[in-house]
Amino acid sequence: MEEKNKSGDSLWNDIVRQVKMLLPTELERNRMDRLFPLMHSPKLDGNLYVIEVGEQIQVEMFTNLYSKMILEALQTFGIKIGEVRFVVGKDITTVQQQQPQFRHTVQNTPQRGVPSTMPMHENYTFENFVKGPSNSFAHAAATAVAKGPGRTSYNPLFIYGGTGLGKTHLMEAIGHYVLDKHPEMSVCYITSETFLNEYVNALQNDAMQAFRERYRKVDLLLLDDVQFIAGKNQFQEEFFNTFNSLMGLHKQVVMTSDVAPKDLKGCEERLTGRFQQGMVVEIESPSYETRLAILKSKANAVRHHIPDEILKFIAENIRSHVRAMEGALNRVVTFVDFNTDIPLTLEITQHLLKDSIEEEKTIKDLTVDEIMRTVAQFYGVKMDDILSKERTQTLVTPRQVAMFLSCKLTTRSLVEIGRAFEKTHATVYHGAQTIQKRIDVESDLRKTVENITSQLGRNPSELTK
Ligand code: ADP
Ligand code: MG
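Residues numbered from 1 in each chain as written. Chains lettered and ligands numbered in written order. Predicted model: local features only at pLDDT ≥ 70, side-chain atom pairs only at ≥ 80, totals over all residues. Heavy atoms only, no water.

Undergrad: Which parts of the structure should I look at to understand the environment of Lys147?
TA: Relative to the helices and strands, Lys147 resides in helix α4 (residues 136-147). The class of Lys147 is exposed, set by a relative accessible area of 51%. Sequence spacing of Lys147 and Tyr177 is 30 residues, and the spatial spacing of their C-alpha atoms is 7.9 Å. (Helix = DSSP H or I, 4+ residues; strand = E, 2+ residues; numbered from the N terminus. Buried < 20%, exposed > 50% of the residue type's maximum accessible area, 1.4 Å probe, protein only.)

Quick look at the structure:
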């Protein structure tokens, strides 16, 4: 609370405790834990008890939910007032703008010659990371590194993948784990951007020696979003030296980037070459099942029961990345918090997420090429085999499966799909029909096709539409 007055502060704490006692169910108490931190500067003002909140919608909801109870609580303490009033305060962060909780690992000012570290998200731990086929390699490598920093051959560990897929989460999980098990180790989490800024500062202040010494004392260097060093040649030189001396001392380095080392444009080859000497792992877009599992775990984390049907709807429709999915879930959770009397239906969810769903459609339309590649990989055949005219059954099935999925999961016409397969539209139609008939009777094949669909990030239920 921002209330400066000590007695006001403790009065507020008493109110909080009292209101909690008045709430009959755990669900309501959990909701209170989430909502009360949004209230600020409570104070007695004549006949009123005034509490500031971030926005108008909160004024209405909090008034409905809590004003009577707070009034009752005040009466219990012998304070008689006319009304509890919520008002929109200035400079108050809203639900969406709330800062994530951070855990400060090392103070922001350098200590004992150890470099400054940026705060890590408290909840980016291994426990909170949902494993799935899209991230299992990255997860396994990260776990190994966390258990033996500097002692595995995974040094450096280089994690790459699209935005919002969990790279920072996994990297910070290593940091948390190491800090828990080895509090004596110095862990430095820093984004490349900040690292670069510190370097520039050191240059300007003639403090390079100190900069170098500090970074070379780190036991675990977590360098996030390394793609930022692209094109910064002088800095790359400095980083190369830091990197080499850490390697020489068997210290652990973990990096993330949105592209693979070899695709880091504007980065010297000797540097990208070094990045590849340990372990390079990719995080891919999660499948439908993994997305659903992540949603369930996030819903659990906010101690909210959101019906399966709703979570499935989100997983099905928000596919681009996990962060977008979390945003969608937050919107639903906020709605539930503020509308306790309205049951959450699919229709309401659809309405709440209308904009994000529209946006998704423009982001992720699968290409026929992606489908062919995934199918080929699944069956262990080559892309060329899919495109060939070879008619052995081991090739015909994957080819027709790819045709079937292209018809079901893309918006392309038969003619366009035909072109991609170097076949006629009639051949594509026949192929897709054949698979359609076969999966109705062959459950193994149906499972295969569903698995591939899921790997493509889509929901198998789309196949029946
Ligand atoms: P990136 O660094 O790849 O852009 P982040 O690590 O910031 O992505 O992840 C974005 C959000 O998605 C975070 O809130 C993170 O906790 C969540 N997230 C991503 N992948 C997973 C996962 N496998 N399990 C749980 N949460 C995940
Ligand atoms: Mg990140």
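Undergrad: Explain helix α3 (residues 56-76) to me, please; I cannot follow it from the model alone.
TA: Side chains that are three or four residues apart share a direction in an α-helix, a result of its 3.6 residues per turn. With 21 residues, α3 extends 29 Å between its outermost C-alpha atoms, agreeing within 8% with the 30 Å of an ideal straight helix rising 1.5 Å per residue. Taking the largest bend as the criterion, α3 deviates by roughly 50 degrees, centred on Tyr66. Positive phi shows up at Gly78, right after α3, with a value of about 80 degrees. (Expected span 1.5 Å × (residues − 1). Bend = angle between axes of the 7 residues up to and from the residue.)

Undergrad: In this structure, what is going on with the sheet that holds strand β2 (residues 48-53)? I would like to understand it.
TA: Strands pair in a sheet through their backbones, by hydrogen bonds, and they do so in one of two ways: parallel or antiparallel. The three strands lie next to each other as β1-β2-β3, forming an open sheet whose pairing is mixed. Sheet topology places β1 (40-45) and β3 (83-88) at the edges, where each strand pairs with a single neighbour. Neighbour-to-neighbour, the strand axes of this sheet turn through a mean angle of 20 degrees, independent of strand direction. As paired elements, β1 and β2 share four bridges and run antiparallel to each other. (Pairing = 2+ DSSP bridges. Axes fitted to C-alpha atoms, helices over the stretch in contact; angles between N-to-C directions.)

Undergrad: Looking at this structure, how should I read the packing of helix α6 (residues 192-204) against helix α7 (residues 208-215)?
TA: Where α6 meets α7, the closest approach of the two axes is 8 Å, and the angle between their N-to-C directions is 145 degrees. Seen from α6, the contacting residues are Phe195, Glu198, Tyr199, Ala202 and Leu203; seen from α7, they are Met208, Phe211, Arg214 and Tyr215. Across the contact of α6 with α7, the residue classes tally to seven nonpolar, no polar and two charged. (Contact = heavy atoms within 4.5 Å. Nonpolar A, V, L, I, M, F, W, Y, C, P; charged D, E, K, R; others polar.)

Undergrad: For this particular structure, what's the right way to read the pattern of salt bridges?
TA: For side chains of opposite charge, pairing can occur when their charged atoms come near one another. In this structure the tally under the stated criterion is 16 salt bridges. Between Asp219 and Lys251 there is a salt bridge; the shortest N-O distance is 3.4 Å. Here the residue Asp219 occupies a position in the loop between α7 and β8 (220-224), and Lys251 occupies one in the loop between α8 (233-248) and β9 (252-257), the gap between them amounting to 32 residues. Residue Lys251 is classed as buried on the basis of its relative accessible area of 17%. The shortest N-O distance in the salt bridge between Asp263 and Lys262 comes to 3.4 Å. Lys262 gets classed as exposed once you look at its relative accessible area, which sits at 63%. What you see here is one network of salt bridges that share partners, running through Arg212, Arg216 and Glu238. (Salt bridge = Lys/Arg side-chain N within 4 Å of Asp/Glu carboxyl O.)

Undergrad: Can you walk me through the site of ligand 1 in this structure?
TA: If you check the shell around ligand 1, you find 18 residues, and the closest are Val130, Gly164, Thr168, His169 and Glu326. One nitrogen or oxygen atom from the main chain of Gly164 is found 2.6 Å from an oxygen atom belonging to ligand 1. Between ligand 1 and the protein, one listed contact pairs an oxygen atom with a side-chain N or O atom of Arg323 at 2.9 Å. Burial of ligand 1 by the protein chains amounts to 94% of its free accessible area of 560 Å². (Near = heavy atom within 4 Å. Polar contact = N/O pair within 3.5 Å; in protein donor to acceptor, adjacent residues only side chain to side chain. Areas by Shrake-Rupley, 256 points an atom, 1.4 Å probe, with all protein chains shown as cover.)

Undergrad: Quick question: what am I supposed to make of the side chain of Thr191 here?
TA: Relative to the assigned elements, Thr191 resides in strand β7 (residues 187-191). Residue class for Thr191 comes out buried when judged on its relative accessible area of 15%. A polar side-chain atom of Thr191 sits 3.0 Å from a polar atom in the side chain of Thr194. In this structure, Thr191 is in contact with Met118, Leu223 and Asp224, ignoring residues within four places of it in sequence.

Undergrad: Would you mind going over the packing of aromatic side chains with me for this structure?
TA: Aromatic rings considered in pairs are described by the distance between their centres and by the relative angle of their planes. Inspection of the entire model under this criterion finds 19 aromatic pairs. Relative to Phe243, the ring of Phe239 lies with its centre 6.0 Å away and its plane at 50 degrees, an arrangement referred to as tilted. Of the two residues, Phe239 and Phe243 both sit in helix α8, four residues apart, roughly one turn of that helix. Phe239 sits in the buried class, given a relative accessible area of 1%. According to the relative accessible area criterion, Phe243 is buried, its value standing at 1%. Joined through ring pairs, the aromatic side chains of Phe158, Phe195, Tyr199, Phe211, Tyr215, Phe235, Phe239, Phe243 and Phe275 make up one cluster. Above the ring of Phe240, the side-chain terminus of Arg270 is found at 4.2 Å from the ring centroid. (Phe/Tyr/Trp six-rings, centres within 6.5 Å; stacked < 30°, edge-to-face > 60°. Lys NZ or Arg CZ within 6 Å of the ring centre and 35° of its normal.)

Undergrad: Looking at this model, I keep getting lost on the sheet that holds β9. Mind explaining?
TA: Here we have five strands laid out as an open sheet, ordered β7-β8-β9-β6-β10, and parallel in their pairing. If you trace the sheet from one side to the other, it starts and ends with β7 and β10 (279-282), each paired once. When strand polarity is set aside, the average angle formed by the axes of neighbouring strands in this sheet is 15 degrees. Across the face of the sheet, α8 comes into contact with β8 and β9 while running at roughly 140 degrees to β9.

Undergrad: What should I look at first to understand the domain arrangement of the protein chain in this one?
TA: Interface size is commonly expressed as the accessible area that is lost once the parts come together. Annotation of the protein chain at the domain level lists domain 1 (2-88), domain 2 (102-283), domain 3 (288-361) and domain 4 (368-464). Taking only C-alpha atoms, the centre of domain 1 and the centre of domain 4 are 59 Å apart. (Domains from an automatic or database assignment.)

Undergrad: Looking at this model, I keep getting lost on the nonpolar core. Mind explaining?
TA: One recurring pattern in soluble globular proteins is that nonpolar side chains are buried together. In terms of nonpolar packing, the biggest core is built from 29 residues, with Phe195, Leu221, Val226, Ile229, Phe239, Met255 and Phe275 touching the most fellow members. Here this core takes six residues from α8, the largest share from any one element. With near-sequence residues (within four places) excluded, Phe195 lies in contact with Ile190, Phe211, Tyr215, Leu223, Phe235 and Phe239. Core analysis: the second largest hydrophobic core is formed by 27 residues, Val368, Val381, Leu409 and Ile439 among them. (Core = buried A, V, L, I, M, F, W, Y, C linked by side-chain atoms within 4.5 Å.)

Undergrad: Where do I start with unusual backbone geometry in this structure?
TA: Note on backbone geometry: most residues besides glycine have negative phi, and most peptide bonds are trans. The omega angle of the peptide bond from Asn155 to Pro156 is 0 degrees, so this bond is cis rather than trans. Checked against the element boundaries, Pro156 lands in the loop between α4 and β6 (157-160). Of note in the backbone geometry, Asp225 takes a positive phi value of approximately 55 degrees without being a glycine. The topology assignment puts Asp225 in the loop between β8 and α8. In this model, Glu422 sits at a positive phi of 60 degrees, which is unusual for a non-glycine residue. In this fold, Glu422 is placed in the loop between α18 (414-421) and α19 (425-441).

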